[in-house]
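# Structural overview for review
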Amino acid sequence: MNEQVPPSPSRRKVLRTTAGAAGAGLGIAAVGAPAAQAATASAATTTTAEATTETAAGGTPRRRGQTMAGVPFDGRSTVRVGIVGLGNRGNGMIGLFLALPWVRVVAVCDPVREKAERAAAKVVAAGQPAPAVYTNGEDDYENLCARSDLDFVYVATPWDQHFPMAKAAMLNGKHVGVECPIAMTIAELWELVDLSEQTRRHCMQLENCCYGRNEMRVLRMAHAGKFGQLLHGAGAYNHDLRGLMFSPTYYEGPWRRLWHTRLRGDLYPNHGFGPVANYMDVNRGDRVVSISSFGTPALGLAEYRAEHMPPGDPSWKETYIESDRTISLVQTAKGRLIRLEHDVSTPHPYSRINSLGGTKGVFEDYPARIYLEPDHTNDQWADFSSYAAEFDHWLWKEHANPPGGHGGMDYIMIYRLMQCVQLGLVPDFDVYDAATWTAPVPLSHASIKAKGAPQAIPDFTRGEWSNARSGVDSVKPA
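Just so you know, these numbers come straight off a predicted model, no measurement behind them.

## Overview of the sheet that holds strand 4 (residues 152–155)
The sheet built from six strands is open, its strands ordered 3-2-1-4-5-6 with parallel pairing. One side of each edge strand has no neighbouring strand; the edge strands of this open sheet are strand 3 (132–134) and strand 6 (203–205). Neighbour-to-neighbour, the strand axes of this sheet turn through a mean angle of 25°, independent of strand direction. As defined by bridge partners, strand 5 (residues 175–178) adjoins strand 6 across three bridges and the pair is classed as parallel. Residue pairing for strand 6: valine 178 is matched across the bridge by glutamine 205.

So, in C-alpha cells, the structure goes:
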C-alpha cells in the first residue's frame, strides 16, 4: 500500500546498499562470526527482494538461509554497543547500557549534534572511553554500522527509519535491537526475516512490556498450568498522547502525529501483543493465523487541535484518518483468540489491558486482579500479589528494585539481552517474534479498509512455530 510509508532519502540510500552478500559476509567476519555462518551469508547471492518472490506451497516465501530459531549469540566477555537515535527514548536508555559492567558503548549517532554530544558525555561520566560520535546528517548511521568494533546496534528513532537502520546493521554483520514497531509493511517484515537468516545476525523487536513484573509472573503461571488450557487473551496500547503529539519538542517534530494521516489501523500493537503472544507460546507451539480489525471514526485529534492549536499552526494542514479506537481479533492455529486495542487520541486512563483466560480462571490487569479455581470460589477477584513468591520470574527476584523507566522493565530487558549476548545464549525472542508482533500494523489497516474482512498473518517462521522452544520464560544461567 503506497500510502503507508513515503520513502525518504535515507531509506533509498540504504536500499541501494542491498546486498552484497559478499559485503554482508565481510561485515560478519569483522565481528567474529563462526566461519560456517559467514559462509552461509556470503552464499546468499540473490537480494532479499528476489527471495520473497519465490514461494513454497501456500504462498510462504522459501527460506534462503537457515532458521534463526534457537540460534545463540556468539558470546564475548565485553559487549560493544552502538546507539542510533538519542531523543527521549535513546537518551533515556543509554544509562541502562552503561549500568552493566560488561557492556561498552562504543559509538553514538544522532543528526542533532547536541544530543549526540550529551550522550557521549554520559559515557565518559560512567568511566568508559569517549565513544565515536556520528552526527553528519540522517544517513551517518550507515558509518556507525560499518564499524568493525561493534557487536550490537540499538535503534531508537522515528518509525519509518527502523527498517533501513535494522537492514544496514545486519548487512554490516551486527546484531540489532529496534524499538517498536520494527517496520511498517509486510514486505519490509519479510525482508528483515530473510536478512536475519542470510546474515546469521539477530534482529529483535525490543518489547519492554514482555519484561514487566506482572507480565512475567502471568507467563510463568500460564506455563505452570495455573490457567488450565488457554483460551483467550487481550492486550492494548490505550494511552492519551494528544498533548505529546502536538508538542513542538517531545517527538522532535510531527512524525508520530503524521502517521495518523496515513494509516487507519493499530499503529502500535507490540506492547499488548507481545506479552499475550508469550503466554500462548506463539511461534513456539502455536501461531497466529488471521486478524480482523474494526475502527471508529477519526475525531479526537481534530477536536484537540481545534481547542489547543492556534490558527496558522502547521497541523491545520493535516487530515487525520487513524481510527480513534481500533479493536482487532486475532485467531491462532489452536483456535485461541487475542483481542488487541489501540487508542492514543481520546481522553482515558492508561491501560495495556493485559488479560489472560483459560479453563481454570482469568487474570486482568489495570488494576491487577485474578480469579482461579480451585484457589478462589466466591466469585470475587483475588489479590494477584499473593502469587509473587512462587511465580515471580528469576529476573525480578534477582533485581527487585531495578533502575530506569517504566517500572524497571526497561532495565530488565536490557540486562537480559546483554546477558544473552555476553554468555552466548539464545535470545528470549527473535526476528520471527518481531515480525509477528508488528504485522498487525499494516494488516489491521487493510482489514479496516475491507470492512473488517480477515487478513492472513504470514507464518514468518516457515513452519518452525510447531516446535516447542524456550522464550521469555527463561532459566537463570548457571
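Right, picking up where we left off after that structure.
## Examining the packing of helix 13 (residues 270–279) against helix 18 (residues 431–438)
Taken N-terminus to C-terminus, the directions of helix 13 and helix 18 make an angle of 125°; their axes are 9 Å apart at the nearest point. Taken as axis vectors, helix 13 and helix 18 run oblique relative to one another. Here the hand of the crossing between helix 13 and helix 18 comes out right-handed. Here Asn270, Phe273, Gly274, Ala277 and Asn278 of helix 13 come into contact with helix 18, specifically with Thr436, Trp437 and Thr438. Among the residues forming the contact of helix 13 with helix 18, the class breakdown is three nonpolar, five polar and no charged.

## Looking at the pattern of salt bridges
If you walk through the whole model with that rule in mind, you get 28 salt bridges. For arginine 76, the salt bridge goes to aspartate 151, with nearest N and O atoms at 3.1 Å. Taken as a pair, arginine 76 in the loop between helix 4 (48–51) and strand 1 (79–84) and aspartate 151 in the loop between helix 7 (141–145) and strand 4 lie far apart in primary sequence, 75 residues in all. Owing to a relative accessible area of 3%, aspartate 151 belongs among the buried residues under this scheme. The salt bridge partner of arginine 469 is aspartate 430, with a shortest N-O separation of 3.0 Å.

Definitions and cut-offs
Residues numbered from 1 in each chain as written. Predicted model: local features only at pLDDT ≥ 70, side-chain atom pairs only at ≥ 80, totals over all residues. Heavy atoms only, no water. Pairing = 2+ DSSP bridges. Helix = DSSP H or I, 4+ residues; strand = E, 2+ residues; numbered from the N terminus. Axes fitted to C-alpha atoms, helices over the stretch in contact; angles between N-to-C directions. Parallel < 35°, antiparallel > 145°, perpendicular 65-115°, else oblique. Left-handed = near helix turned anticlockwise from the far one by under 90°. Contact = heavy atoms within 4.5 Å. Nonpolar A, V, L, I, M, F, W, Y, C, P; charged D, E, K, R; others polar. Salt bridge = Lys/Arg side-chain N within 4 Å of Asp/Glu carboxyl O. Buried < 20%, exposed > 50% of the residue type's maximum accessible area, 1.4 Å probe, protein only.

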